[in-house]
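# Topology and contacts: notes
One-letter residues, chain by chain:
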Amino acid sequence: MSSFDNILWNKSKYQSLEQQQQQNTNYVNGNSQSIITLLLIGLLGTAVITTMWSIHSPTKATIFLIDTKLPMLHKTSTRFLSFGLDSSLLRDPKTLPINNEAFMNLAKYLSPAYARIGGTSADCIFFKQNSDDISRTYDKFDPNDITNFTLTEEFYLNLYKFTEKSKLKMLFDLNVMIRTDQNEWNSSNAKDIIEFSKGHSMDIDWQLGNEPNSFKHVFNRSISATQLAHDYQHLRNLLNDIGYSSSILVGPETNHIGDSNERGEMYTEEFLKNQDNCIDFVTWHQYYLNGRIAKVDDFINPKVFNQLSAEIKQINNATKNSGKNIKMWISETSTAYGGGAPNLSDRFAGTFLWLDKLGYSASVGVDVVIRQSLFGGNYAMIGNDLLPNPDWWISVLYKQFVSEIVLDLKTPNNFGTLRFYAHCTAKLGLVNRLPALTIYGMNLDNKPKNIFIQGNWIKKKTNIFLYILTADDLTSREIKLNGEKLKLNSDGSLPPFNPVIIKPTQMITLPPISMAFIVIHGADIPPCRS
Ligand SMILES: *[C@@H]1O[C@H](CO)[C@@H](O)[C@H](O)[C@H]1NC(C)=O
Ligand SMILES: *[C@@H]1O[C@H](CO)[C@@H](O)[C@H](O)[C@H]1NC(C)=O
Ligand SMILES: *[C@@H]1O[C@H](CO)[C@@H](O)[C@H](O)[C@H]1NC(C)=O
Ligand SMILES: *[C@@H]1O[C@H](CO)[C@@H](O)[C@H](O)[C@H]1NC(C)=O
Ligand SMILES: *[C@@H]1O[C@H](CO)[C@@H](O)[C@H](O)[C@H]1NC(C)=O
């Protein structure tokens, strides 16, 4: 207990934290959580933090402790933070500003990333055939539109050029609904797309179909998980034949994970069992809320946040049961389904669930998280006016400060209102190439909270750069960094992100309902030495 010798434990506060965990037992296993914490206190003595009175201040603070021998927990893809463009946007080329310089500029700041072109409408796409009916005008964003439509060679090529110029990698979702009389996938149209892509030297990764466990509900037609596994095998062979053997193939794109009937989990498990290592990552879709009924309070309610951990456990369970060892992508995800919650999913309110999803997913080994959506719907990161929404700013800050190396941050309860994660700092965020780590997260409470970072790796020369994100209102489209409204420069370049610089001996006060990136420069921890 060396580093805790002088610390007076605030027992009653600790107990109230336990009570809070008990209330969350539907979502997390609060009991085993606290037992593990107590074990760690006993066994390790150092790598534990809890709410207590800080030595340095009479004010109550939560201590975050990191061990010197901090192990690397995981290494995610460099495209960990990725985003989607819903296939419904391909219905009407005029609605998608892929030739607009400002739009491309905003997309480029999120690189490296996947641009996933997928969604319900992916299973309605016919490549180049019947090209005379493309003059149809479509309802801008109708997630329920399941009419078939044409994707022209020209538009497909423009879409690819947009991803190439924005330094993004295209992940294209092929139509699995084109089927033979025997209900097998008819790949002839997909073959046209893949051959066309190869002919234009496009570097693309692939998927087949969207939310297949819900096909009965959406299309009044079913494809069994076993059949889909065979269809994926067919696609893998096709890709190999046409020259895409090094392309990644991901699936099965299931949804409704965590529902009481567990059909999404069973479908995923059955699919994994029946495919013979033809997919590189197991993919599923995640939404916390129904966009039509979601209320502003839902966006800061820890119970809503905690759904994610339960759902990830379910997919891990399905993967384990299938006998396969495949890492996971959350390949389509946002706060609320049905196109997002109006004036919430694309406002400051939506940023907390997004940042927590990034932090939690990385901490449990998810390789890629694909945000629905860069553009379109009520959950867009970029508005119809081509100006950034708060989630675009959070994502840019994430790319700036957070690397793919995930560290083990010990917190007393990361399932309540104080939720924090640690990574090595991204190269973009380093100062004089000094090793650094970034602790990021949020205070969902409507009261300020104090935190204090400790560890014997903290030296005299260590400096903490603090970036606190707030807004005047949860429904605000504006977001402030250290009190300054974030705004692009008139030439479209990023504004300077000015930190508040403090010493590690100082306590950090998080304002009510705020997020923070805490970059600790001169933190010489083995996984972060570059
Ligand atoms: C769309 O195309 C598929 C595959 O040919 C077909 O089965 C389906 O009936 C078509 N849907 C509509 C609404 O026409
Ligand atoms: C697959 O679709 C193509 C194009 O519509 C058609 O010519 C072919 O007969 C179909 N193949 C099978 C096996 O259904
Ligand atoms: C669903 O398809 C079946 C035939 O496969 C048909 O009898 C039924 O009317 C369809 N249901 C709807 C709601 O379209
Ligand atoms: C994991 O899968 C097994 C086998 O299907 C099932 O019995 C168990 O309830 C699942 N556990 C969880 C936490 O879902
Ligand atoms: C969203 O906010 C705008 C103004 O900012 C308002 O015009 C619109 O009616 C709001 N939409 C909903 C569904 O509340």
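Now for a look at the structure at hand.

What counts and how
- Residues numbered from 1 in each chain as written.
- Chains lettered and ligands numbered in written order.
- Predicted model: local features only at pLDDT ≥ 70, side-chain atom pairs only at ≥ 80, totals over all residues.
- Heavy atoms only, no water.
- Helix = DSSP H or I, 4+ residues; strand = E, 2+ residues; numbered from the N terminus.
- Buried < 20%, exposed > 50% of the residue type's maximum accessible area, 1.4 Å probe, protein only.
- Contact = heavy atoms within 4.5 Å.
- Areas by Shrake-Rupley, 256 points an atom, 1.4 Å probe, with all protein chains shown as cover.
- Axes fitted to C-alpha atoms, helices over the stretch in contact; angles between N-to-C directions.
- Parallel < 35°, antiparallel > 145°, perpendicular 65-115°, else oblique.
- Left-handed = near helix turned anticlockwise from the far one by under 90°.
- Nonpolar A, V, L, I, M, F, W, Y, C, P; charged D, E, K, R; others polar.
- Core = buried A, V, L, I, M, F, W, Y, C linked by side-chain atoms within 4.5 Å.
- Domains from an automatic or database assignment.
- Expected span 1.5 Å × (residues − 1).
- Near = heavy atom within 4 Å.
- Polar contact = N/O pair within 3.5 Å; in protein donor to acceptor, adjacent residues only side chain to side chain.
- Lys, Arg positive; Asp, Glu negative; His and termini not counted.
- Salt bridge = Lys/Arg side-chain N within 4 Å of Asp/Glu carboxyl O.
- Pairing = 2+ DSSP bridges.
- Disulfide = S-S within 2.5 Å.
- Right-handed = clockwise from strand over helix to strand, strands pointing away.
- Phe/Tyr/Trp six-rings, centres within 6.5 Å; stacked < 30°, edge-to-face > 60°.

Let us now look at the overall build of the chain. Along the backbone of the chain there are twelve helices and 23 strands. In the chain, buried positions account for 59% of the 530 residues. For the chain, the share of sequence-separated contacts (at least 6 apart) that also reach a separation of at least 24 residues comes to 79%. Total accessible area computed for the chain in this model is approximately 21,500 Å², and 48% of it derives from carbon and sulfur atoms.

Before going further, it helps to spend a moment on the packing of helix 5 (residues 188–199) against helix 7 (residues 225–242). Contact geometry for helix 5 and helix 7: axes closest at 10 Å, N-to-C directions at 30°. It follows from the interaxial angle that helix 5 and helix 7 lie roughly parallel. Between helix 5 and helix 7 lies a crossing of right-handed hand. Along its contact with helix 5, which presents K191, I194, E195 and K198, the element helix 7 presents L235, L238, L239 and I242. Its residues assigned to classes, the contact of helix 5 with helix 7 shows five nonpolar, no polar and three charged.

On to the nonpolar core. For soluble globular proteins, nonpolar side chains are generally found buried alongside one another. Core analysis: the biggest nonpolar cluster contains 124 residues, and L90, Y156, F172, W206, F352, L374 and F517 have the highest contact counts within it. Residue contributions to this core peak at nine residues, all from helix 11 (residues 348–363). Split by domain, this core shows at least three residues from each of two domains, domain 1 (3–69 + 415–528) and domain 2 (75–405). F172 has contacts with L90, I117, I125, L151, Y156, I193, I204, D205, W206 and Q207, leaving out every residue within four places of it along the chain.

A few words on the environment of N413. Looking at the element boundaries, N413 is found in the loop between strand 14 (402–407) and strand 15 (418–425). When its relative accessible area of 6% is taken as the criterion, N413 is described as buried.

On to helix 4 (residues 153–165). Think of an α-helix as 3.6 residues a turn; residues three or four steps apart then line up on the same face. For helix 4, spanning 13 residues, the distance from its first C-alpha to its last is 18 Å, which sits close to the expected 18 Å at 1.5 Å a residue. Of the positions making up helix 4, those classed as buried are F155, Y156, L157, L159, Y160, F162 and T163. Just past helix 4, the residue K167 takes up positive phi, approximately 60°.

What surrounds ligand 1 is the set F126, N148, M177 and R221. N148 places a side-chain nitrogen or oxygen 2.4 Å from an oxygen atom of ligand 1. Within the complex, 45% of the 360 Å² of free accessible area of ligand 1 lies under protein. Split by residue class, the shell around ligand 1 holds two nonpolar, one polar and one charged.

Another aspect to go through is the side chain of E211. Along the chain, E211 falls in the loop between strand 9 (204–208) and helix 6 (215–219). Of the side chains with opposite charge, R116 comes closest to the buried, unpaired E211, at an N-O distance of 6.5 Å. Within the structure, the side chain of E211 is placed 2.7 Å from the side chain of H285, a separation counted as a polar contact.

Turning next to the pairing of strand 16 (residues 436–443). Across the eight residues that make up strand 16, a large majority, eight, are buried. Side chains A436, T438, Y440 and M442 project from strand 16 onto one buried face, and the interleaved L437, I439, G441 and N443 project onto a second face that is buried too. The sheet contact formed by strand 15 and strand 16 spans seven bridges and is antiparallel. In the strand pairing of strand 16, L418 is matched with N443. Summarising the sheet, strand 16 and strand 23 (residues 514–521) pair through eight bridges and their orientation is antiparallel. Looking at the pairing, A436 lines up with H521 of strand 23.

What follows concerns the state of the cysteines. Counted under the stated rule, the structure contains one disulfide. Covalent S-S linkage joins C424 and C528, the inter-sulfur distance amounting to 2.1 Å. The chirality of the disulfide connecting C424 with C528 is left-handed, given an S-S dihedral of about -80°. Here C528 lies in the segment after strand 23 and C424 lies in strand 15, a separation of 104 residues in the sequence. Both residues of the pair, C424 and C528, belong to the buried class.

Burial analysis of strand 11 (residues 281–290) places ten of its ten residues in the buried class, the great majority of the element. Taken together, the four bridges between strand 10 (residues 249–254) and strand 11 define a ladder with parallel strand orientation. Among the inter-strand pairings, G251 is bridged to a residue of strand 11, identified as V282. With helix 8 (residues 263–274) bridging strand 10 and its parallel neighbour strand 11, the resulting β-α-β unit is right-handed.

A cis amide bond, omega 0°, links S111 with the succeeding residue P112. Along the chain, P112 falls in the loop between helix 3 (101–108) and strand 5 (114–118). Between G251 and P252 the backbone carries a cis peptide bond, its omega angle lying at 10°. When you line up the elements, P252 lands in strand 10. Despite not being glycine, H256 shows a phi value in the positive range, around 55°. Relative to the assigned elements, H256 resides in the loop between strand 10 and helix 8. Residue H256 is classed as partly exposed on the basis of its relative accessible area, which comes to 44%. Of note, R433 is a non-glycine position whose phi angle comes to about 55°, a positive value. Residue classification places R433 among the exposed residues on the basis of a relative accessible area of 71%.

One pass over the full model with this rule turns up 24 aromatic pairs. Between the aromatic rings of Y440 and F517, the centroid separation amounts to 5.9 Å while the plane-to-plane angle is 20°, which identifies the pairing as stacked. Taken together, the residues span a long stretch of sequence, with Y440 in strand 16 and F517 in strand 23 at a distance of 77 residues. For the pair Y440 and F517, a shared accessibility class is recorded, and that class is buried. An aromatic cluster of three or more residues is present, and its members are F80, Y398, F401, Y421, Y440, Y467 and F517.

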